[in-house]
Amino acid sequence: MPLTAAAAPPAGVEQDGPYIGLEELPPTPKQPKERWAGRGWRWPWEKKVVLEGDRIVRVNDERTNEEVGFEGNYVSTSKYNAMTFLPKFLASEFSKYANLFFLFTACIQQIPGVSPTNRYTTIVPLGLVLLASAFKEMEEDLKRHQQDNDLNSRKAKVLHGTAFRDVAWKAIRVGDIVRLENDEFIPADMLLLSSSEPEGLCYVETSNLDGETNLKIKQAHPKTAHLTSPLAVGSISGTLRSEQPNNSLYTYEGTLSISSTSGELIVPLSPDQLLLRGAQMRNTPWVYGLVVFAGHETKLMRNATAAPIKRTQVERQVNLQIVFLFIVLLVLSIASTVGSSVRTWFFSSTQWYLYLAADAPSRIKEFLQDILTFVILYNNLIPISLIVSMEVVKYWQAQLINSDLDIYYEKTDTPAICRTSSLVEELGQIEFVFSDKTGTLTRNEMEFRQCSIAGVAYSDVVEEHKRGEQGPNGEVEGGQRTFEEMRTRWRNGAGAEVAVIREFLTLLAVCHTVIPEMKGEKLVYQASSPDEAALVAGAEQLGYKFFMRKPRSVFVEIGNKAREFEILNVCEFNSTRKRMSVVVRGPDGKIRLYCKGADTVILERLAADQPYTEPTLIHLEDYATEGLRTLCLAMREIPETEYRTWAAIYEQAAATVNGRGEALDKAAEAIEKDMFFLGATAVEDKLQEGVPDTIHTLQQAGIKVWVLTGDRQETAINIGLSCRLISENMNLVIVNEETANDTKAFIEKRLAAIKTQRSAGEGEELGLVIDGKSLTYALEKEISPVFLELAIMCKAVICCRVSPLQKALVVKLVKKNRKSILLAIGDGANDVAMIQAAHVGVGISGVEGLQAARAADVAIAQFRFLTKLLLVHGAWSYQRLSKLILYSFYKNIVLYMTQFWYSFFSNFSGQIAYESWTLSYYNVIFTLLPPFVMGIFDQFVSARMLIRYPQMYHLGQANAFFSTRNFWEWMGNALYHSIILFGFSVILFWGDLKQATGYDSGHWFWGTTLYLAVLLTVLGKAALVSDLWTKYTLMAIPGSFLFTMIALPIYCLVAPLVNFSVEYRNIVPRLWTDPIFYFTILVLPFICLARDLAWKYYKRTYRPQPYHIAQELQRFNIPDYRPRQEQFQKAIKKVRAVQRMRKSRGFAFSQTENPDRQEQVHLVRAYDTSQQFERPTGL
């Protein structure tokens, strides 16, 4: 638990004196009471106490509950706080081997007589690097703290005495009674005591928890439902005996004992009474709730994981390469030390003028000191500026993402926000995308779009080419008609077709469990299923307005007249029946059965000789190709005698204790027969804009998309089909098993069959669909390897009815067993654990509840922005960073290997070839800009080409730009350049140059010349590898050399004058006026880079990479002919969609189902909206 959770109590909360009344508590295992009791904080070395037994909470007894020490409601998602920042940050920074190495170097530089360079030349740059990294980490974590504070500072109404007061969420405690109002988020896990609705009912939206958009019905226990005023709820006393905090979202057990004058009242509690933190109140004016779990003990937070400190694959590779270079450095140091020892021990007599102590008192000590000397001398083989360069470049790459207008959502004024800049390069290496469905792929909106009635197609908007033709009698024949035409027909027309239209609209207005509610002047429909609300709203649009519900009837306004339909029986929907029916008595006194459901179950229950079946099936196929969700509608009149007989059977089934669901299904089967086919509806489950194209593009880029959702299986499959995750020719493997053994046997059987099929060369595309229960078994240790193998073989995977923890476990399973980079994307609190488990987490912002966006590494407003985020920014960031790292290693090795070659000429004395501060300026000033410019602005291919050819994303997945081979090729090139530069400089200066004055040019003359030749070579290399030249590139590459040629002479003049560096005394007039100097620094780089230029020409001409070809297409603007191919593919797709939908059609039902409880029937019988103004106010 972060230490911020241990802060002082919020303002206004008093510290009471000694608590009393503890002797009245029943024996209970107390929470471990610490100095910061109630905040859940503990020392890092302390083990987390596992709570056992029951949790005892006293009702309306704040002091007693405070004494027990329950955890507070403060929640933190940040990485650091004031006390943990320094140790955590330093541990993270020194896990990078480069920083660790330079810390070691800085320490040994402080030893007198060991360092050949200034003692501060390493520790000062290292300090600057750490400060820059600390600043970046603090800036990013302060944003998380601000978001946490915003959440913790939200207000809720908590009962104090007999009145409710506004209190910050973080001040809420276990045992508090909280009043929640409509559309408010639930601040802690609470038990529903009462509500404004009849019988203590309320609606809750849990899309943040389980991904389901349909509203859940919660109901207070009848023994507490009467507590509808602050005085009543504040006067009760008693004890809540509850289960301990756990991560199960769908279970709860507890008992509330209420003291009363007539004795103790026992109230059993179940999940029906549990309101979970993160859910949102809907369509309920107010509720009272008793807090049972708070803060990090809530079920939502128990499903979350601590904010991880993520390390990228590129960073791990850099660490490994630094180890390789350190080994090389040690080898060079030991070799140089051996040379120095041979000189000292064996040639001291012939080199008497050097005063070498051949008989040194301790040769071992001298040997070790020499090793340290050469380690310092060669230490910059590993570039000290690399880590800070990477951090700065990543920061600016993140800013480029933030400022990209292509991924800015204008409607909600939401830009992309890259919260964790250290992960940007991994966006270019993603192989798996794990996506939530609700709110991520879909908009949470249903809209009634089209329908087919009596074989005639109607639509809200009819395109010109879909209109029918006018017949000889003046009527329109065939094609689609508008809803307005339908309204005109049923109002003014007559005949069989008009009667069917009226029955169709009556069915839409009557056959449902929707509750109407007036909000001001507007009629709002409360529905447990967004599909049902869309159909009822569609009926209202077509002139059949459902406006009132009573326990036994519904009222529909038809042609400005209110008609009452008596609801005799309701046969609920469930996933086995795939239909819903109501038996009603109409205004004309006749009894009718209205039934709606999936086409397969409706068609087989029709009477013979149906006139409208064939045309309606053709319309269903059209709706299917448009991705609409369909329902078929049918009805029949029931004679009075038949109904009485059946009603007795139904009542008997409803009274069954065991197996009630099956008994009710059988009773419904007896009446749902010989029906008349009315037509079909088409509802659009609106996808986020561009989702199908985005998923298709990601799949073309070699990215596997897995959807992990809390929705039902049918809903998830329908969305999978409409968003092109599942294709028409894909064979679905559906896992719905009840036990672990059955799950294992099924998976193994299918896996063996697939392997056999593929070994025979019959590879077909597969899609895996698995429900939450089977997934629980599939994630077990014994089955998980087989499950993962099967899932990897599939092009698409859909996991349904999964909990937030299961989402995270699926991600972790793939992460642990595959060397792939994973991305998770979601929009709700239920996705936080999954987002944090993946290498890169992306949150959808701009919707209600931004928990996912707060916990994510990158926040975007729309799923479709993922295309540019990954294929463009990801690919650019990966390629830029790869080039930056390789170039940084290259430029240091070129310079410092010349120092090694010089050791052979300096008798391994440890003499440096270059002035020590000039060495430091090499990384910190003179070659600082080229890596930055390449890392921030370079584009190996334009954004347009990367999106047009998503296959180029494979380069990042295959690590093509930063493989071990790439690294050693660059290192080999650096070694070659160092040999050429040093060798030719020695030849040109052999025997030392004589100047016009007669003096020798001297050591620093040669060293500075070689230094500048090296500098121009590495800048020329930067020019060769840059793919895009901008004004910043000109400033960085030619500009750096011009700056050096101006700044270095100034330093050489000033440093000796202030006694800062005496090596450069009087060098400027001798060096900068000598033609040999200019000849050397121009010719040597040309010799070095001629080979590189020839190699580049050979590779691009004879062994081109895919991006080389794309560069040529981009340069010459060569068109391709893919648009024609895409039109052809769309035509094929439509044909295949028709073929597929003849086998299986999506149907629009998604409300809560529990056949044994018949809760929908209970709901509609409880409501009387004609009495809506007599509800209690709760105040």
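Basis of the calculations
Residues numbered from 1 in each chain as written. Predicted model: local features only at pLDDT ≥ 70, side-chain atom pairs only at ≥ 80, totals over all residues. Heavy atoms only, no water. UniProt positions renumbered as here; feature names shortened; annotations may be inferred. Helix = DSSP H or I, 4+ residues; strand = E, 2+ residues; numbered from the N terminus. Buried < 20%, exposed > 50% of the residue type's maximum accessible area, 1.4 Å probe, protein only. Contact = heavy atoms within 4.5 Å. Salt bridge = Lys/Arg side-chain N within 4 Å of Asp/Glu carboxyl O. Phe/Tyr/Trp six-rings, centres within 6.5 Å; stacked < 30°, edge-to-face > 60°.

- The protein chain goes by Phospholipid-transporting ATPase in an unreviewed UniProt entry, where it is assigned to Dacryopinax primogenitus.
- UniProt's Sequence similarities (unreviewed entry) comment on the protein chain is quoted here verbatim: "Belongs to the cation transport ATPase (P-type) (TC 3.A.3) family. Type IV subfamily."
- According to the UniProt record, the Cofactor (unreviewed entry) comment for the protein chain is "Mg(2+)".

### Quick notes on the overall build of the protein chain
Phase 1: If you tally the helices and strands in the protein chain, you get 39 helices and 36 strands.
Phase 2: Across the 1179 residues of the protein chain, 57% fall into the buried class.
Phase 3: A sequence separation of at least 24 residues applies to 76% of the contacts in the protein chain between residues at least 6 apart.

### Thoughts on the pattern of salt bridges
Phase 1: Per the counting criterion, the structure on display carries 42 salt bridges.
Phase 2: Among the ionic pairs, R449 bridges to D460, the shortest N-O distance being 3.2 Å. Taken together, the residues span a long stretch of sequence, with R449 in strand β16 (residues 442–453) and D460 in the loop between β17 (456–459) and β18 (469–470) at a distance of eleven residues.
Phase 3: Relative accessible area serves as the criterion here: at 24%, R449 is assigned to the partly exposed category.

### Focus: the packing of aromatic side chains
Phase 1: With the rule as written, the count across this model stands at 45 aromatic pairs.
Phase 2: Consider the rings of F85 and F89, whose centres lie 5.3 Å apart with planes at 10°: the pair is stacked. Of the two residues, F85 and F89 both sit in helix α2 (residues 85–93), four residues apart, roughly one turn of that helix. Across this residue pair, the class does not change: F85 and F89 are buried.
Phase 3: Ring geometry for F940 versus Y1107: centroids 5.7 Å apart, planes at 75°, classification edge-to-face. Placement of F940 in the loop between α28 (929–937) and α29 (943–948) and of Y1107 in helix α37 (residues 1106–1116) is noted, with a sequence separation of 167 residues between them.
Phase 4: Taking relative accessible area as the criterion, F940 reaches 3% and is therefore assigned buried.
Phase 5: Put simply, the rings of Y914, W917, Y921, Y922, F926, Y1011, F1043, Y1051 and Y1064 pair up and form one aromatic cluster.

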